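Listed here are the chains, written in short residue letters.
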Amino acid sequence: MKKKAITVSFAIVGMLAASAALATGKIHWTYSGHEGPEHWGELSPEFSICATGKNQSPINLTGMIEGDLPELKVNYKAGGSEVINNGHTIQVNYEPGSTMTVGDRSFELKQFHFHSPSENTIEGQSYPMEAHFVHADRDGNLAVIAVMFESGKHNEELEKAWAPMPMKEGQKAMLEETIDANALLPHDHDYYRFNGSLTTPPCSEGVNWFVIKSNDSVSKEQIEKFVHAMHHDNNRPVQPVNARVVIQ
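Residues numbered from 1 in each chain as written. Predicted model: local features only at pLDDT ≥ 70, side-chain atom pairs only at ≥ 80, totals over all residues. Heavy atoms only, no water.

Enquirer: Help me out: how do you make sense of the overall build of the chain in this one?
Expert: Each helix and strand in the chain was counted, giving five helices and 13 strands. Sorting the 248 residues of the chain into buried and exposed places 47% on the buried side. Considering only residue pairs separated by 6 or more positions, the chain has 67% of its internal contacts joining residues 24 or more positions apart. Of the accessible surface of the chain, which amounts to about 12000 Å², a share of 52% is contributed by carbon and sulfur atoms. (Helix = DSSP H or I, 4+ residues; strand = E, 2+ residues; numbered from the N terminus. Buried < 20%, exposed > 50% of the residue type's maximum accessible area, 1.4 Å probe, protein only. Contact = heavy atoms within 4.5 Å. Areas by Shrake-Rupley, 256 points an atom, 1.4 Å probe, with all protein chains shown as cover.)

Right, dumping it as structure tokens:
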């Protein structure tokens, strides 16, 4: 049993490391021009599903179907310890031990990052910023909790990462105050559920998406600082829903 657990753990680490390597520029991609989202599938065979996949993210959430969804149980500890500017997003890496559970499935929080404007839209509405809390289970399956942020009140918890935010690609910084991801989630965890993919190359499918119905807020200045660090919008356009359903 120990040998199997160790093997699975290394599989998860390898998968996330591979995604990070792609994000940092082994195969260069951007959010515009000849290396933008419309061309990701042409840049490398590893990215082909970006063009051919039928369950791609993000999407416009509409035509929701009522379903008996299990409670989304979040058991996060304060664990955000490092902030990275990888040129595509601002990402906060998380210490082990924080989980989300849906039904009988449990996923560990690995990192969270941001997009501006939002990638997913709800009934056609876009938001100034969206956070993706990325989790993995023991078998390497991914689950993402997405939270929409509106422009409004200054977000004190987010500021712990924003104050030392690296403004240049490839830079990282240790956080003086550990971030508690709980404080970035709305109190109400009711959600929309759909099957999707990573929203960046390699656009791998089989990702479980949980979009929180309630929104959080950030200040206009916090949004502007993020955009200044990125130098561009970092949202992939919405993708065809195809045969998928969005359950609420």
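Enquirer: Hey, could you run me through the packing of aromatic side chains in this one?
Expert: The description of two aromatic rings rests on the distance between their centres and on the angle between their planes. Scanning all chains against the criterion turns up 13 aromatic pairs. Geometrically, the ring pair formed by W29 and W40 is edge-to-face, given 5.2 Å between the ring centres and 75 degrees between the ring planes. With W29 in the loop between α1 (2-23) and α2 (40-43) and W40 in helix α2, this pair connects stretches of sequence that are eleven residues apart. The burial state of W29 is the same as that of W40; both residues are buried. On the numbers, 6.0 Å between centres and 10 degrees between planes, the contact of W162 with F226 is stacked. Of this pair, W162 sits in helix α4 (residues 156-162) while F226 sits in helix α5 (residues 220-230), and the two are 64 residues apart along the sequence. Residue classification places W162 among the buried positions, given a relative accessible area of 0%. Among the aromatic residues, those joined into a ring-pair cluster are Y76, Y94, F112, F114, F133, F149, W162 and F226. Above the plane of the ring of F210 lies R193, whose end atom (NZ or CZ) is 5.2 Å from the centre. (Phe/Tyr/Trp six-rings, centres within 6.5 Å; stacked < 30°, edge-to-face > 60°. Lys NZ or Arg CZ within 6 Å of the ring centre and 35° of its normal.)

Enquirer: I keep staring at the confidence of the model for the chain and nothing clicks. Help me out?
Expert: Caution applies to low-pLDDT regions: their predicted coordinates should not be interpreted in detail. Scored by pLDDT, the chain comes out at a mean of 91, with 90% of its residues at no less than 70. For residues 1-25, every residue scores under 50 in pLDDT, and the model assigns this stretch 24 contacts once sequence neighbours within four places are set aside. (pLDDT = per-residue confidence, 0-100.)

Enquirer: Looking at this model, I keep getting lost on the nonpolar core. Mind explaining?
Expert: Looking at soluble globular proteins, one finds that nonpolar side chains tend to be buried together. Core analysis: the biggest nonpolar cluster contains 38 residues, and F112, F114, F133, I145 and W162 have the highest contact counts within it. Other than its neighbours up to four places away in sequence, F133 contacts Y76, L109, Q111, F112, A143, V144, I145, V147, A181, L184 and L185. In this structure, I122, V134, V207 and V246 belong to the second largest nonpolar core, which totals 18 residues. (Core = buried A, V, L, I, M, F, W, Y, C linked by side-chain atoms within 4.5 Å.)

Enquirer: I'm lost on unusual backbone geometry in this one. Help?
Expert: For residues that are not glycine, phi is negative in most cases, and the peptide bond is trans in most cases. In this structure, P58 follows S57 across a cis peptide bond, with omega equal to 5 degrees. Structurally, P58 can be placed in the loop between α3 (49-52) and β1 (60-61). Between S116 and the following residue, P117, the backbone shows a cis peptide bond with an omega angle of -5 degrees. Along the chain, P117 falls in the loop between β6 (105-115) and β7 (121-122). Even without a glycine there, the phi angle at C203 is positive, about 60 degrees. Its place among the elements puts C203 in the loop between β11 (191-197) and β12 (205-212). Its relative accessible area of 0% is what places C203 among the buried residues.

Enquirer: It is not clear to me how α5 should be interpreted in this structure. Could you clarify?
Expert: Owing to its 3.6 residues per turn, the α-helix brings residues three or four apart onto one side. Listed in full, the buried residues belonging to α5 are Q222, I223, F226, A229 and M230. Buried residues of α5 fall within an arc of 125 degrees about the axis and therefore sit on the same side. Within α5, the exposed residues directed more than 90 degrees away from the buried face are K220, E221 and H228. Note on α5: the residue one or two positions beyond its end, H231, has a positive phi of about 70 degrees. (Arc of directions from axis to C-beta.)

Enquirer: So what exactly am I meant to see when it comes to the pattern of salt bridges here?
Expert: By the definition in use, this model includes four salt bridges. The salt bridge partner of D137 is R105, with a shortest N-O separation of 3.6 Å. You can see D137 sitting in the loop between β8 (129-136) and β9 (142-151) and its partner R105 sitting in strand β6, a full 32 residues away along the chain. (Salt bridge = Lys/Arg side-chain N within 4 Å of Asp/Glu carboxyl O.)

Enquirer: What is the right way to read the side chain of Q56 from this model?
Expert: Position of Q56 relative to the elements: it lies in the loop between α3 and β1. A distance of 3.1 Å separates a polar atom in the side chain of Q56 from the backbone oxygen of C203. Residues within four places of Q56 in sequence aside, it is in contact with I49, C50, S197, C203, E205, R236, Q239 and R244. (Polar contact = N/O pair within 3.5 Å; in protein donor to acceptor, adjacent residues only side chain to side chain.)

Enquirer: I keep staring at the environment of A243 and nothing clicks. Help me out?
Expert: Inspection of the secondary structure puts A243 in the segment after α5. Note: C-alpha distance between A243 and N55 (188 residues apart in sequence) is 8.5 Å.

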